[in-house]
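Observations on chain architecture
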Amino acid sequence: MKLFLLNILLAISWLALTGSAALLNFLAGFAIGYVALAATRGRLRGDSYFRRLPHALGLLLFFLGEVVVSGLRATREVLSPVRRSRPKIIRVPLAIRDPYQILTLVQLISLTPGTLVLDISPQQDALYIHTMFVDDADAFRREVRDGFERRIKEVLS
């Protein structure tokens, strides 16, 4: 966490040096700060930062892709006279057990259009997810496990 805050401080310093407070300039400063911190990795403690940040960016990109695809699918469903939805409630077993990882998974699934986590099992080993578009429940379980759950585990463990 300290290295992340140091990276943000380097990005803010970059903004001050360049005199432009644009988002793209901040991201450039963040990338330059990341490279600078990676170059001094041997002197700094916190190698997990250098492992987690790329995974966190991968999770963010994956989530944004899922939001766009699901949003387009839901929009087509609403605007089309033909109903293609096949709503189901599916029990999805969890491989993760950490409460923060489960919370992150629940939030990301619920923020994706067309899906909503209805409940978590009392043992916290499964989620009950309502989804609008599913043909194969096992394929949906694999998508959750290999998509969101795997990436969350890489970032938060």
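Higher on the page you've got the structure.
Residues numbered from 1 in each chain as written. Predicted model: local features only at pLDDT ≥ 70, side-chain atom pairs only at ≥ 80, totals over all residues. Heavy atoms only, no water.

1. Considerations on the overall build of the protein chain
- Check the secondary structure of the protein chain and you find five helices and three strands.
- Reading the protein chain from its N terminus to its C terminus gives the helix and strand order α-α-α-β-α-β-β-α.
- Across the 157 residues of the protein chain, 31% fall into the buried class.
- A separation of at least 24 residues holds for 61% of the contacts in the protein chain among residues at least 6 apart in sequence.
- With 20 positive and 13 negative side-chain charges, the protein chain shows a separation of 6 Å between the mean positions of the two kinds. (Helix = DSSP H or I, 4+ residues; strand = E, 2+ residues; numbered from the N terminus. Buried < 20%, exposed > 50% of the residue type's maximum accessible area, 1.4 Å probe, protein only. Contact = heavy atoms within 4.5 Å. Lys, Arg positive; Asp, Glu negative; His and termini not counted. Charge placed at Lys NZ, Arg CZ, Asp CG, Glu CD.)

2. A closer look at the nonpolar core
- Counting residues in hydrophobic clusters, the biggest one holds 20 residues, and the most contacted among them are Leu105, Ile109, Leu127, Ile129, Phe140, Val144 and Phe148.
- Of all elements in the fold, only helix H3 (47-79), strand E1 (88-93), helix H4 (99-111), strand E3 (126-131) and helix H5 (137-156) reach the threshold of two or more residues within this core.
- Residues within four places of Ile129 in sequence aside, it is in contact with Lys88, Ile89, Ile90, Val92, Ile109, Thr115, Leu116, Val117, Phe140 and Val144.
- Among the nonpolar cores identified, the runner-up in size contains eight residues, and Ala11, Tyr34, Leu37 and Tyr49 belong to it. (Core = buried A, V, L, I, M, F, W, Y, C linked by side-chain atoms within 4.5 Å.)

3. Quick notes on the sheet that holds E1
- With antiparallel pairing, three strands are arranged side by side in an open sheet as E1-E3-E2. The outermost strands of the open sheet, each flanked by one partner alone, are E1 and strand E2 (115-120). On average, each strand axis in the sheet is tilted by 30° relative to the strand beside it, whichever way the strands run.
- Where E2 and E3 come together, five bridges link them in antiparallel fashion. Looking across to E3, one finds that Thr115 is bridged to Thr131.
- The sheet strands contacting H4 are E2 and E3, and the helix crosses E2 at an angle near 145°.
- Of the strands in this sheet, E1, E2 and E3 touch H5, which is tilted by about 50° from E1. (Pairing = 2+ DSSP bridges. Axes fitted to C-alpha atoms, helices over the stretch in contact; angles between N-to-C directions.)

4. Some details on the environment of Arg76
- Within the element layout of this structure, Arg76 appears in helix H3.
- Overall, Arg76 belongs to the partly exposed group, its relative accessible area being 44%.
- When the C-alpha atoms of Arg76 and Pro87 are compared, they prove to be 15 Å apart, with 11 residues separating the residues in sequence.

Purely geometric stuff here, so don't read any function into it on its own.
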